[in-house]
Amino acid sequence: KAKSINPYLAEPYRVLAWTYFDMNDFAKAKEYFVQGIKIYPSYVADDKFKEVLKTKKEWNDLYALLGWSNYQNGFYQDALESFEYALKEAGESAEILRGLGYAHYKLGSFDKAIVYLQNSFKKDSSLSPVEEYVIVPGTIATYLIKSDAQSSLGWSFYYMEKYEEAIKVLKDVVRRHPDWIDAH
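Small disclaimer: the values here were computed from a predicted structure and weren't measured.

Reading guide: rules and limits
Residues numbered from 1 in each chain as written. Predicted model: local features only at pLDDT ≥ 70, side-chain atom pairs only at ≥ 80, totals over all residues. Heavy atoms only, no water. Salt bridge = Lys/Arg side-chain N within 4 Å of Asp/Glu carboxyl O. Helix = DSSP H or I, 4+ residues; strand = E, 2+ residues; numbered from the N terminus. Axes fitted to C-alpha atoms, helices over the stretch in contact; angles between N-to-C directions. Left-handed = near helix turned anticlockwise from the far one by under 90°. Contact = heavy atoms within 4.5 Å. Buried < 20%, exposed > 50% of the residue type's maximum accessible area, 1.4 Å probe, protein only.

1. Concerning the pattern of salt bridges
Here is step 1 of the chain: Scanning the entire structure with this criterion turns up 13 salt bridges.
Here is step 2 of the chain: Taking the shortest distance from any N to any O, the salt bridge between Asp46 and Arg14 comes out at 3.1 Å. Of this pair, Asp46 sits in the loop between α4 (41-44) and α5 (47-55) while Arg14 sits in helix α2 (residues 10-22), and the two are 32 residues apart along the sequence.
Here is step 3 of the chain: Here Glu89 makes a salt bridge to Lys57, at a shortest N to O gap of 3.8 Å.

2. Focus on the packing of helix α8 (residues 94-106) against helix α10 (residues 149-159)
Here is step 1 of the chain: The contact between α8 and α10 brings their axes to 11 Å, and the two run at 35 degrees. The interaxial crossing formed by α8 with α10 has left-handed handedness. Contact residues: Arg98, Tyr102 and Tyr105 in α8; Ala149, Ser152, Trp155, Ser156 and Tyr159 in α10.

3. Remarks on unusual backbone geometry
Here is step 1 of the chain: Positive phi is not limited to glycine here, since Asn24 has a value of about 65 degrees.
Here is step 2 of the chain: Along the chain, Asn24 turns up in the loop between α2 and α3 (26-39).
Here is step 3 of the chain: By relative accessible area, which is 54% here, Asn24 ends up exposed.
Here is step 4 of the chain: In this model, Glu161 sits at a positive phi of 65 degrees, which is unusual for a non-glycine residue.

None of this, on its own, says anything about what the molecule does.
And the structure:
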């Protein structure tokens, strides 16, 4: 009933997930964990949940989901920790490397962001773009932008004052995605 009253509350999803898990209906449990993680990742992904993930290798995709959900909610340090945990437990996928790069970027660790973003882009340059709302400087307006490992790499070079590398990378992003405001 709580889920129907407020679908943006993580508690019902968490309780349903653990109920189905205890009933050994792991597919249903995963479905509700996913819903809860999307709403409030750190609430659903407690220590008990992380222990379960270690034993359910078929749920490795939840590591990246947890990281990206933390990222999208503005919990960049939690996102970094989630992606580091994902790297350790699920391995070095392009998605996890990109997540590590994005989290380091948001935390201002541009040198680390560069390494992870380069490796992600080398592994798979065709990942779906990341969409996020950003505040337009000097206003209270937000804008939905799209980016990828390469565009974030270009901005990381820029903030590290490696302007030639930034120009080279961002010119390629503009060529591939002329409609992305983040690349201009």
